[in-house]
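The primary structure of each chain is shown beneath.
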Amino acid sequence: MADGGVRTTCPYCGTGCGLVVTPEADGWKVAGDPQHPANFGRLCSKGTALADTLAPDSRLLRPEVDGRAVDWTHATAEAAGRIRSVIELHGPDSFAFYLSGQLLTEDYYAANKLAKGFLGTANVDTNSRLCMASTVAGHRRAFGSDSVPQCYDDLELADLVVLAGSNLAWCHPVLFQRLKKAREDHGTRVVVIDPRRTDCCDIADLHLALAPGSDVALWNGLLAHCEAAGLIDFPFVDAHTEGFTEALSAARAADTCQTGLAPADIATFFQWFAATPKVVTIFSQGVNQSASGTDKVNAILNVHLATARIGKPGCGPFSVTGQPNAMGGREVGGLANQLAAHMGFDQASVDRVGRFWNAARMASSEGLKAVELFRAVDAGKVKAIWIMGTNPAVSLPEADLVRRALAKCPVVIVSDCVADTDTMRFAHIKLPAHGWGEKNGTVTNSDRTISRQRPFLSPVGEARSDWQAISAVAGHLGFGSAFAWKDSAAIFAEYARLTAFENGGSRDLDLTDWIGGDYDAMVPTQWGGKRMFADGRFFTADGKARLVAVTARPPREMPNVDWPLRLNTGRYRDQWHTMTRTGLSARLSGHRSEPLLDINPIDVGRLNLLDGALVRVKSRLGDYVARLRATTDQRPGDVFLPMHWTDRFAARAIVGRLLAGHVDPVSGQPESKHMPVKIEPFTADWSAVLVAAAPLDLPDLPWWVRHAADGAQITELAGDSPAQVQGLVAALDARFGRNRLEVMDPARGIARYAWMDGEHLAAALFVGRDRPDVVRAWVARLVGRAVASASERAAVLAGKAPAGQTDQGAIVCACFSVGLATIEAAIRDQHLTDVAQIGAALKAGTGCGSCIPELKGLLARKVAAE
Ligand SMILES: Nc1nc2c(c(=O)[nH]1)N[C@H]1C(S)=C(S)[C@@H](COP(=O)(O)OP(=O)(O)OC[C@H]3O[C@@H](n4cnc5c(=O)[nH]c(N)nc54)[C@H](O)[C@@H]3O)O[C@H]1N2
Ligand SMILES: Nc1nc2c(c(=O)[nH]1)N[C@H]1C(S)=C(S)[C@@H](COP(=O)(O)OP(=O)(O)OC[C@H]3O[C@@H](n4cnc5c(=O)[nH]c(N)nc54)[C@H](O)[C@@H]3O)O[C@H]1N2
Ligand code: SF4
Ligand SMILES: [Mo]
């Protein structure tokens, strides 16, 4: 470790912030790297809390085969043997990899090479199919290559930034901080295009809350407007593009009424766009996760191409990628319809890559994309699957089909750093992977910057890097010499040579400059230069970009009498996907400690429901239980649920169970943002809260949800029969022994229990007809501590803390763990009137700043109340 600590990269979002990690007396200090061009020292709440998630107790420590711990040689020989026998009997396409944008480039390259070059199958798909596939397809249609033309500096150079289907404030918080600062410095205009009001709207000049799925109509309208306003750059269009006339006539036929927006708002957006030469359009899952996602992408690219607003400083379309290495995965070809190094399945590329790899058995055509892949597993066509770095039992649509498929698949191999995930429960062979802090390799962020992830911890247990697992299996299969890399540097070097191989400027991705470089000393560098396409040269056969004629299509399923509401899904500020890591952190779990169904108050009234009540959300595929949150952030008729909760954290809170597997016809990306649902009341006769040191296996109950608190796990529960409570108490007796204290008030439906381990509190359960009024955080802090005196024990059973100890409610500021109740009290008692005063009084908002929109909301509520 250098004096200044280890320089590495954040394992969460595609912003790709650089970090400096230094040892401290009781752990690690994670700080933003002032020299990294993505963040220049900034961090968000998730990056700041990284040290909280290094806990070894959640990790998978050693390989397992059929439930038995074995050594690596045995596990990889067994994996190879099972893969070989499936392929021998059923052919190469009976095997598949399902990978992840959270793998390192080196891991991804190794998996892709094994399947496509040596096993002879292109069944190598990834969670990027659920994420960026529509952008990849849109880029390839327009540019002839999957290239992101812009760089982050463009956020500071633009005069207008359009956020299209991107909740940048929560999902790329450091980019949002950069945009916010640019706006403060020189008045950058911001337009948000999103059916929901998000925290991005805090800095927006205009929020277009369009009808879900209607983006193509809006962008087509803009293209027609640009033409009518004389804004088409004909010299550029004529010299460097094809397809303008067709795209324009499709655009003219568009009906912007489909967006449901006020004509005046549409006109304002069009005028601003037309009047501002420097426009950046940031787009993300509101665009991609749609059955017309590829057309949405091309509708955006059409406008930028026709006005030559591309590849210039402060000017261009900008897909922000989700995962830390979503881009690297695309680069090495980790998609079933791409080969490697940005090459496709044309004969010349198949031949070229085959020669470069000296391939034993080259795949010659595209493989199965994620949704079809799991359907093929269900249909028994794919019989062996190796899942690496992703949790498809949760994150895919039609999650029940996915679970059924995994349950009957003869060979399921899962590589993960975490021991107990929903997907891991289906594994026959479990392979422990390095976690962040142990991993050693490269990642590519949203603006094509390649950075190093460097280790600063020794691997826990027997964890290995994913590429080592792949090369060991390849060795057992007899392909050892092609996978005999001594370290990740050797893989990167091979990959860089492949990008340069017979390239000669014909392909966008060319890492010639990296060949022979010092891998360990690598500094963050963009491939392809700062911006692409400024010279008007694209990677199609004729060098010209394509405008694509697109027509708006509604989402595949629309609300109707039976399913009257539209379900939109997405992310919370402080959770990452299926919570396997962020769910370990108390401060990250406090912002939203349970999933909430966001719904407009008009719908709450119409359905005769109450804000804060539990409800059952049903689609034609499944159901989900959540607490209502009435908010005008939602349009009437639209509801929102987060994607994060799993069977490990809740009963009945997997949103993928509600979603149909409709996919975009070009990209194969599923439509995760539009599903008709209905809402029914959830009848509960009892509610309870359980506090214990560790997560517990609970009996089957109608509803529960748990979260990490300081020192313990807090589980909220509810049900509809007294037998359920008896079953729960019996299960807790079995777990903690019969040394149980209790108080009962049957008339009021109240029962309270504390399980003691000698003098120490092991667990406490509070049951009531309504949600128990208990100071949860105080009880959580007592778990594992001595509770000796009679009065202390009585206080625990009462759930009443000594004076001054209250629950602070939802954590608003995750950097300094400041809760809602604390902030509201300070606003009231200290007469605080702005965010700076809150910061001075409580520090809230002075870390990453992601909570500032919420702080402003609290101040505004106070003013409104007065
Ligand atoms: N905190 C946090 N940050 C993350 C992640 C995380 O799990 N947690 N995950 C990372 C990953 S992998 C990804 S892909 C990114 C995703 O980042 P984003 O795409 O910004 O996040 P989402 O919440 O999925 O969706 C963005 C917005 O699309 C809107 N939307 C829904 N339907 C439509 C529509 O029809 N049109 C338009 N215009 N908008 C619509 C939603 O209301 C939502 O606000 O975030 C990354 N960053
Ligand atoms: N309803 C709905 N569903 C969605 C979305 C949505 O917006 N709405 N978004 C989709 C999108 S954009 C995405 S990207 C996906 C994400 O969905 P997933 O990829 O399923 O979610 P994660 O929780 O990130 O799963 C990553 C797993 O890999 C493990 N892991 C982390 N690092 C490593 C490593 O280096 N090696 C190995 N072997 N394992 C590792 C983690 O512990 C975790 O179990 O979800 C998709 N699903
Ligand atoms: S913005 Fe993204 S990359 Fe940066 S610290 Fe936050 S989660 Fe990590
Ligand atoms: Mo993603």
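Residues numbered from 1 in each chain as written. Chains lettered and ligands numbered in written order. Predicted model: local features only at pLDDT ≥ 70, side-chain atom pairs only at ≥ 80, totals over all residues. Heavy atoms only, no water.

Per an unreviewed UniProt entry, the protein chain carries the name Nitrate reductase and comes from Magnetospirillum moscoviense. Note on the protein chain: under the UniProt heading Sequence similarities (unreviewed entry), the record states "Belongs to the prokaryotic molybdopterin-containing oxidoreductase family. NasA/NapA/NarB subfamily." (UniProt positions renumbered as here; feature names shortened; annotations may be inferred.)

A. Looking closely at the pairing of strand S15 (residues 411–416). Counting buried positions along S15 yields six of six residues, so the element is predominantly enclosed. Side chains Val-411, Ile-413 and Ser-415 of S15 all project onto a buried face; the interleaved residues Val-412, Val-414 and Asp-416 project onto the opposite face, where all are buried too. Taken together, the five bridges between strand S14 (residues 384–388) and S15 define a ladder with parallel strand orientation. Note that in S15 the partner of Ala-384 across the bridge is Val-411. (Buried < 20%, exposed > 50% of the residue type's maximum accessible area, 1.4 Å probe, protein only. Helix = DSSP H or I, 4+ residues; strand = E, 2+ residues; numbered from the N terminus. Pairing = 2+ DSSP bridges.)

B. Seen up close, the site of ligand 1. Neighbouring residues of ligand 1: 34 residues in total, closest Asp-194, Gly-213, Ser-284, Arg-571 and Gln-575. In this structure, Asp-215 approaches ligand 1 through a side-chain N or O atom, which is 2.7 Å from a nitrogen atom. Burial of ligand 1 by the protein amounts to 99% of the accessible area it has alone, namely 910 Å². For the shell around ligand 1, the elements supplying multiple residues, two or more each, are helix H6 (168–171), helix H12 (285–288) and strand S21 (565–570). (Near = heavy atom within 4 Å. Polar contact = N/O pair within 3.5 Å; in protein donor to acceptor, adjacent residues only side chain to side chain. Areas by Shrake-Rupley, 256 points an atom, 1.4 Å probe, with all protein chains shown as cover.)

C. Seen up close, the site of ligand 3. Close contacts around ligand 3 come from Cys-10, Tyr-12, Cys-13, Thr-15, Gly-16, Cys-17, Leu-43, Cys-44, Lys-46, Gly-47, Pro-173 and Val-174, and that covers them all. Every element with two or more residues in the shell around ligand 3 is listed here: helix H1 (45–48) and helix H7 (173–186). Looking at the shell around ligand 3 residue by residue, the class counts come to eight nonpolar, three polar and one charged. (Nonpolar A, V, L, I, M, F, W, Y, C, P; charged D, E, K, R; others polar.)

D. Local environment of the sheet that holds S21. Sheet architecture is closed into a barrel: six strands sit in the order S21-S25-S22-S24-S23-S26, paired in mixed fashion. Adjacent strand axes in the sheet meet at a mean angle of 45° when their direction is disregarded. Relative to strand S26 (residues 675–681), strand S23 (residues 614–618) runs antiparallel, the two being bridged by four bridges. Paired with Arg-616 across the bridge in S26 is Glu-680. (Axes fitted to C-alpha atoms, helices over the stretch in contact; angles between N-to-C directions.)

E. Highlighting helix H10 (residues 244–252). Every buried residue belonging to H10 is among Phe-244, Ala-247, Leu-248, Ala-250 and Ala-251, and all of these are buried. For H10, the angular spread of the buried residues around the axis is 165°, confining them to a single face. Opposite the buried face of H10, by more than 90 degrees, sit the exposed residues Thr-245 and Arg-252. Tucked inside the fold, the buried residues of H10 contact helix H8 (215–228), helix H9 (234–240), strand S11 (241–242) and helix H13 (293–306). (Arc of directions from axis to C-beta. Contact = heavy atoms within 4.5 Å.)

F. Inspection of the sheet that holds strand S28 (residues 703–709) at higher detail. Read from one edge to the other, the open sheet built from six strands follows the order S28-S29-S27-S32-S31-S30, with strand pairing classed as antiparallel. Among the strands making up the open sheet, the edge pair consists of S28 and strand S30 (740–745). Between one strand axis and the next, the sheet turns by 10° as a mean value, whatever way the strands run. The sheet strands contacting helix H25 (residues 790–798) are S30, strand S31 (750–757) and strand S32 (760–768), and the helix crosses S31 at an angle near 130°.

G. Examining the side chain of His-434 more closely. Tracing the chain through its elements places His-434 in the loop between strand S16 (429–432) and strand S17 (441–444). Exposure remark for His-434: the relative accessible area of 14% places this residue in the buried category. There is a polar contact of 3.5 Å between the side chain of His-434 and the backbone oxygen of Ala-463. Those residues in contact with His-434 that lie beyond four places of it in its chain are Arg-59, Cys-417, Lys-439, Pro-459, Ala-463, Arg-464 and Ser-465.

H. Representation of empty space enclosed by the protein in the model. As enumerated under the stated definition, the model contains five cavities of 30 Å³ or more in all. Roughly 140 Å³ of volume is contained in the second largest cavity. Taken together, 15 residues form the lining of the second largest cavity, with Thr-53, Leu-54, Gly-435, Trp-436 and Arg-581 sitting closest to its centre. Both of domain 1 (6–54) and domain 2 (57–131 + 325–526) provide at least three residues apiece to the lining of the second largest cavity. (1 Å grid on protein atoms, 1.4 Å probe; cavity = no way out; pocket = protein on both sides within 12 Å on 5 of 7 lines; lining within 4 Å. Points joined across faces, edges and corners; volume = space filled by probe spheres on them. Domains from an automatic or database assignment.)

I. How the structure looks around unusual backbone geometry. Despite not being glycine, Ala-308 shows a phi value in the positive range, around 55°. The residue Ala-308 is located in the loop between H13 and strand S13 (316–319) in this model. Look at Ala-308 and you get buried, because its relative accessible area is 2%. Not every positive phi belongs to a glycine, and Asn-358 is a case in point at roughly 55°. Secondary-structure assignment places Asn-358 in the loop between helix H15 (347–357) and helix H16 (370–378).

J. Layout of the domain arrangement of the protein chain. Domains assigned within the protein chain are domain 1 (6–54), domain 2 (57–131 + 325–526), domain 3 (133–319), domain 4 (565–681), domain 5 (686–798) and domain 6 (811–865). One C-alpha centre belongs to domain 2, the other to domain 3, and the line joining them spans 33 Å. Of the roughly 1,300 Å² buried at the junction of domain 2 and domain 3 (both faces included), carbon and sulfur atoms supply 40%. Summed over the shared surface of domain 2 and domain 3, the number is one salt bridge. For the salt bridge of Asp-146 with Arg-330, the shortest nitrogen-to-oxygen distance reads 2.7 Å. Between the two partners, domain 2 and domain 3, sit 11 residue pairs in polar contact (both at pLDDT 80 or more). The residue makeup of the side of domain 2 that touches domain 3, split by class, is four nonpolar, eight polar and five charged. (Buried area = accessible area lost by both parts, 1.4 Å probe. Salt bridge = Lys/Arg side-chain N within 4 Å of Asp/Glu carboxyl O.)

K. View of the pairing of strand S12 (residues 279–283). Within S12, five of the five residues are buried, leaving the element largely enclosed by the surrounding structure. Here S12 shows no split at all, with Val-279, Thr-281 and Phe-283 on one side and Val-280 and Ile-282 on the other all buried. Two elements, strand S8 (residues 160–164) and S12, share five bridges in a ladder whose sense is parallel. Each residue of the ladder has a partner; that of Leu-160, found in S12, is Val-279.

L. Broad picture of the packing of aromatic side chains. Here the structure, examined in full by the defined rule, presents 28 aromatic pairs. Both rings, one in Phe-492 and one in Tyr-519, keep their centres 5.8 Å apart while their planes meet at 45°; by these two values the pair is tilted. Placement of Phe-492 in helix H20 (residues 488–500) and of Tyr-519 in the loop between H20 and strand S19 (525–526) is noted, with a sequence separation of 27 residues between them. Aromatic rings pair up to connect Tyr-109, Phe-118, Trp-357, Phe-479, Phe-483, Trp-485, Phe-492, Tyr-495 and Tyr-519 into one cluster. Across from the ring centre of Trp-527, 5.8 Å away, lies the NZ or CZ of Arg-448, which sits over that ring. Taking the ring centre of Tyr-519 as reference, the NZ or CZ of Arg-452 above it sits at 4.2 Å. (Phe/Tyr/Trp six-rings, centres within 6.5 Å; stacked < 30°, edge-to-face > 60°. Lys NZ or Arg CZ within 6 Å of the ring centre and 35° of its normal.)

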